[in-house]
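# Architecture at a glance
Given next are the chains, with one letter for each unit.
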Amino acid sequence: MSTDWNSGVWPDWCPGCGNFGIFTALKGVLSELGIRREEIVLVSGIGCSGKIPHFVKVPGVHTLHGRAIPFATGIKASNPDLKVIVHGGDGDLLGIGMGHLIAMGRRNPEILVVVHNNGVYGLTKGQASPTLQLGKKTKSLAFPNVNSAVNPILLGIASGYTFLARSYAYNIEHLKACLKQGISHSGAGILEVIQPCPTWNNIVTMDWVEKNTYYLKDWDPVVKDDEDAVKKAQGIIGIESGEKKALGTILIDRRKDPFGKRLASIYKHYAAEPPAAQEVEKSGAPLSIDLEKTFQKFYIP
Amino acid sequence: MDFNLIIGGPQGGGIETAGMLAVRALAIHGLEVFANREYHSNIKGKHSYSHIRASYERIRSIKYPVDFVGALDVETIATHYKDLRPGGILIHDAALLDKPITKLPPMEKERLERLKAELERDNIGTTVKELDEWLERKGKVILPFPFSEIIAEKTKLASPMIERAMNTAMTTALLRGAGMPIDTIFEAIDSLFMEKADARELNRAVANAVSDGFDELSKTKGSVTKGMFEKGPSRGKRMLVAGNDAVAIGKLIGGLRLQTYYPITPAADESFVIEQHSSLFGPEGEIVGSPIVIQAEDEISAICMAIGGALTGVRAATCTSGPGFSLMVEGIGWAGINEVPVVITYYQRGGPSTGLPTRHSQSDLLFAITSGHGEFQRIVLASGSHQEALEDSLKCMNFAEKYQVPVIHLLDKGIANCVTTISPPSLGRIDRGKRIVKGAWEYSRFAFGEDPVSPRAFLGEELMWYTGDEHDESGHISEDPENRRRMYDKRMSKSEKILKEVPDGDKAVLFGDGDFEDLLVTWGVTTGAAVDALPELQATGSKIAVLQVRMIEPFPVDLVSNYLSKARSAIGLEANYMGQLAELIGWKTGLKIKNRILKYTGRLITQDEVVNAYMRVKGGEERVILTGGE
């Protein structure tokens, strides 16, 4: 079954790249979703991670640096039947595209954003990315990093995301579980995947991950009510302030309406016929619109 | 009959509503109307005004000098007193008479210095009263009208309410002064405030009070109310629209289903109109269509969302102005290499950078055709009137899907904000372009064929890939040189197809006789001033015509060359510094347009300016720079 999800394009990542783990887990999950491949759309940004749609046998939209989220939002809002998943790197989503990441949390569309977090800009030879810790010097840097790292999980909370999780590129089963949960969630999600870059990041190695991460236990990510939401937020700040990175599902908040529902609340026609389901012509003629009724205020009495 | 009036006051003081009321009343009166709105990038306090022109004939521009100036404050008097024709009428509140003319904190200091110099030069004095007297000596008619007093007396309204309705009071005075019956003004009030009963009653009461007061006043100044125009003929159904409205209506008729935008002047109103009319009603009152509008976090997001929508098969568009378009450029390149039908409505304003945010300009023609790195096919269509803007909005969506290219609908602040009477649109045709035919074969989004346009499937229908990288037929990244050449050719050769198939009327339009000697070459809203000026120019004995270029990219070289080669002398007319269209014509056709009439003050080119500038060109001036308007 799994070979069926290969597009046939040769994945040109470096040997040992964490992207292979994400690729494998993704294919595994897609085969378990039980939907037609044409109904899935992978939308990606620029960088090594941005190439992933080409390797998977589902429709793929490889966009601009940092802009996968707006493309995905336009696709999902126009055709809510599509399952839309965004892939991007930490530089892409948390650097050049961070404004869109925040805006997506505010809208809460049913889209999962998979952050391939390797701490460097790989395809341009290893410059510091927004998740590289302050003072760290990876091998291609001339000087230690002078910027503090951003935390996508905390950013996700502040922006209004309703699903947050962190996983590890080489733990395929864990990653699959997180992906599946995130893809099925009805709202905006961030799945941060810690992904070693064997070529450029000599700090976040498999060994480092081994020593600096742990799997969340006894943490219930599901928000029950408003009071619980405050407790969860405080709990998450606690988790994220720890020395080690927590792996697992961190937040599931089903209280907020997804973007589609919000649109349906203002556009009465949206739920029955979203834009992609609407005809706009009949044999070449525009729909028979009653112009005087529709555009009444522009007519001179 | 050619009636021009200016009504001005502080921004936020209801000038826009006053203008709308006057325009509506004139239209109801059976006249054709064209009105310009000038305002600062400011919410309250700075000077703004409407210049309204009415005629029995359809008009497309404004003209100076004006018959009336209605001033809601001293700054309007100080700014526009020179705009009056001999015998023209100035109306202001009598309470302003003793005010100093030069104590105007909101006025920009350069303007104030010029004003002071003029007042001193002409020995006018320093109060409104002294200015009025000077104007009377110069043959103007001054009507200081005790608005507040009369309204208070006749309506018993409290003074804050009177203050709120001062715009309607002034409009009523102006229109009554020009001879319009009060019932027509009532009708305009009812229609403007259709959905607001309170405002309707207030404005009716105020208009009534002013009208009565005006009738009493006119007994002493009999000549004033003789009337400047009769009721116009019955004209059948007409609409009254700003360019933003016209485009919104055109897009809605044309099947737009996703509009994205980030707020910017002078484009944002268009999205607002689409939102307000998002229920399209069929003949039985049922909803036959309903687009959605998304306010994006920035213009990059706006264009990318629209592209995303287009990939799902939705007719998608965004609208913006120069600063927003600058941000959109990366998205347009992506749409170019991926052959995405997306429409960008581009209202030019004064640049560079923030420039003149609320003022007119035609300085982005070259940017619109060259924006984006690399080479890719696009269509740039420039409308020259509101009627065209409406119909072109539908055409742009057809072109986008038929040729699978991004389409830039190039407009300007003049079209965006000017309000005019138009005919209700004919619905036109919708052409969704080449669609996939289901078969046993594997679908390739960018399949090579005789036709550079490949059959289109939407996301959700077939397997397909898109990438901003060069790609193969299925949409996967390919750097193979042979594939590169073929894909490049596929995209670029669309220009020939477009030029072959698009009718001439969408490329360039000639106004006037074909046996011209002089040719005014223009585009955008400026076309209106040139076309309106044409009879006057012809009356001077010149064999002159106007050529409006509509399709800027791909450029209709043959058609434009044909016209130009017949001209003894060609004159470029446009609102920018370079003469961008003239430059482009030189580049594309090899035919040099030596004479240029240009304006870059941010104000519209007016009919009278075209006439004067043409005379100057005939007199030997190569480059005429226009400066009219406040």
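To start, this report covers the structure provided alongside it. Small disclaimer: the values here were computed from a predicted structure and weren't measured. (Residues numbered from 1 in each chain as written. Chains lettered and ligands numbered in written order. Predicted model: local features only at pLDDT ≥ 70, side-chain atom pairs only at ≥ 80, totals over all residues. Heavy atoms only, no water.)

## Some remarks on the overall build of chain A
- Each helix and strand in chain A was counted, giving eleven helices and twelve strands.
- In summary, chain A has a C-alpha radius of gyration of 21 Å against a globular reference of 19 Å for 301 residues, a match within 12%.
- By principal-axis analysis of the C-alpha atoms, chain A measures approximately 75 × 50 × 40 Å.
- A burial count over chain A gives 56% of its 301 residues as buried.
- For chain A, long-range pairs separated by at least 24 residues make up 69% of all intrachain contacts whose partners lie at least 6 apart in sequence.
- Across chain A, the centroid of the 33 positively charged side chains sits 4 Å from that of the 28 negatively charged ones. (Helix = DSSP H or I, 4+ residues; strand = E, 2+ residues; numbered from the N terminus. Rg over C-alpha atoms; globule rule 2.2 N^0.38 Å. Buried < 20%, exposed > 50% of the residue type's maximum accessible area, 1.4 Å probe, protein only. Contact = heavy atoms within 4.5 Å. Lys, Arg positive; Asp, Glu negative; His and termini not counted. Charge placed at Lys NZ, Arg CZ, Asp CG, Glu CD.)

## Some details on the sheet that holds strand β18 (residues 508–511) of chain B
Residue and element names in this part refer to chain B.
- Read across the sheet, six strands follow the order β18-β20-β19-β22-β23-β24 without closing on themselves; strand pairing throughout is mixed. The outermost strands of the open sheet, each flanked by one partner alone, are β18 and β24 (623–626). If you compare each strand with its neighbour and ignore which way they point, the axes differ by 20° on average.
- Of the strand pairs in this sheet, β18 and strand β20 (residues 544–549) are connected by four bridges, and their pairing is antiparallel. Bridge pairing links A508 to V549 in β20. (Pairing = 2+ DSSP bridges. Axes fitted to C-alpha atoms, helices over the stretch in contact; angles between N-to-C directions.)

## Structural notes on the packing of helix α3 (residues 68–78) of chain A against helix α5 (residues 98–107) of chain A
All names here are of chain A.
- Across the interface, α3 lies against α5 with an axial gap of 8 Å and an inter-helix angle of 30°. In terms of their interaxial angle, α3 and α5 are classed as roughly parallel. Classified by chirality, the crossing of α5 by α3 is left-handed. Of the residues in α5, those touching α3 at I69, P70 and T73 are H100, L101, M104 and R107.
- A class-by-class count of the residues in the contact of α3 with α5 yields four nonpolar, two polar and one charged. (Parallel < 35°, antiparallel > 145°, perpendicular 65-115°, else oblique. Left-handed = near helix turned anticlockwise from the far one by under 90°. Nonpolar A, V, L, I, M, F, W, Y, C, P; charged D, E, K, R; others polar.)

## Describing the sheet that holds strand β17 (residues 465–467) of chain B
- Here we have nine strands laid out as an open sheet, ordered β9(A)-β10(A)-β7(A)-β8(A)-β4(A)-β3(A)-β1(A)-β2(A)-β17(B), and mixed in their pairing. Among the strands making up the open sheet, the edge pair consists of β9 (213–215) of chain A together with β17 of chain B. The sheet shows a mean angle of 20° between the axes of neighbouring strands, taken without regard to direction.
- Bridge analysis of strand β2 (residues 60–62) of chain A against β17(B) gives three bridges, and the strand direction is parallel. Following the sheet pairing, V61(A) is matched in β17(B) by Y466(B).
- Packing of helix α1 (residues 18–33) of chain A onto the sheet brings it into contact with β1 (40–44), β3 (83–89), β4 (111–117) and β8 (189–194) of chain A, and relative to β3(A) it is tilted by some 175°.
- Lying on the sheet, helix α7 (residues 172–184) of chain A is in contact with β3, β4, β7 (163–168), β8, β9 and β10 (245–252) of chain A; it crosses β7(A) at an angle near 160°.

## Focus on the interface of chain A and chain B
- Taken together, the contacts link 63 residues of chain A with 77 residues of chain B.
- For the pair chain A and chain B, the summed buried area comes to about 5700 Å², and 67% of that belongs to carbon and sulfur atoms.
- On the surface where chain A and chain B come into contact, there are three salt bridges.
- Here E297(B) ties to R107(A) by a salt bridge, and the two come within 2.6 Å at their closest N and O atoms.
- Taken together, the connections running from chain A to chain B amount to 25 residue pairs in polar contact (both at pLDDT 80 or more).
- Contributing elements (two or more residues each) for the side of chain A that touches chain B: α2 (52–55), β2, α3, α5, α10 (259–266), β12 (285–286) and α11 (291–294) of chain A.
- If you tally residues by element for the side of chain A that touches chain B, the top one is α3(A), at seven residues. (Buried area = accessible area lost by both parts, 1.4 Å probe. Salt bridge = Lys/Arg side-chain N within 4 Å of Asp/Glu carboxyl O. Polar contact = N/O pair within 3.5 Å; in protein donor to acceptor, adjacent residues only side chain to side chain.)

## Examining the side chain of N483(B)
- On the secondary structure map, N483(B) appears in helix α17 (residues 481–492).
- Beyond its immediate sequence surroundings of up to four residues, N483(B) is in contact with F448(B), E470(B), H471(B), D472(B) and S478(B).

## Thoughts on the environment of T320(B)
Residue and element names in this part refer to chain B.
- For T320, the location among the structural elements is in strand β12 (residues 316–321).
- Taking the C-alpha atoms as reference, T320 lies 19 Å from R37; in sequence the two are 283 residues apart.
- With near-sequence residues (within four places) excluded, T320 lies in contact with I264, A267, E299, F325, M328, I344, T345, Y346 and Y347.

## Considerations on unusual backbone geometry
- At the junction of T265(B) and P266(B), the peptide bond is cis and its omega measures out at 0° in the coordinates.
- Position of P266(B) relative to the elements: it lies in the loop between β8 (258–261) and α11 (268–276).
- With omega at -5°, the peptide bond leading from G351(B) into P352(B) counts as cis.
- As for its placement among the helices and strands, P352(B) is situated in the loop between β13 (343–348) and α14 (365–370).
- Of note in this structure, S283(A) is not a glycine but carries a positive phi near 45°.
- Position of S283(A) relative to the elements: it lies in the loop between β11 (281–282) and β12.
- Phi angles above zero are rare outside glycine, and Q404(B) is one such case at about 50°.
- Counting through the fold element by element, Q404(B) comes out in the loop between α15 (386–403) and β15 (407–412).

Without other data, these values stay purely geometric and don't point to any function.
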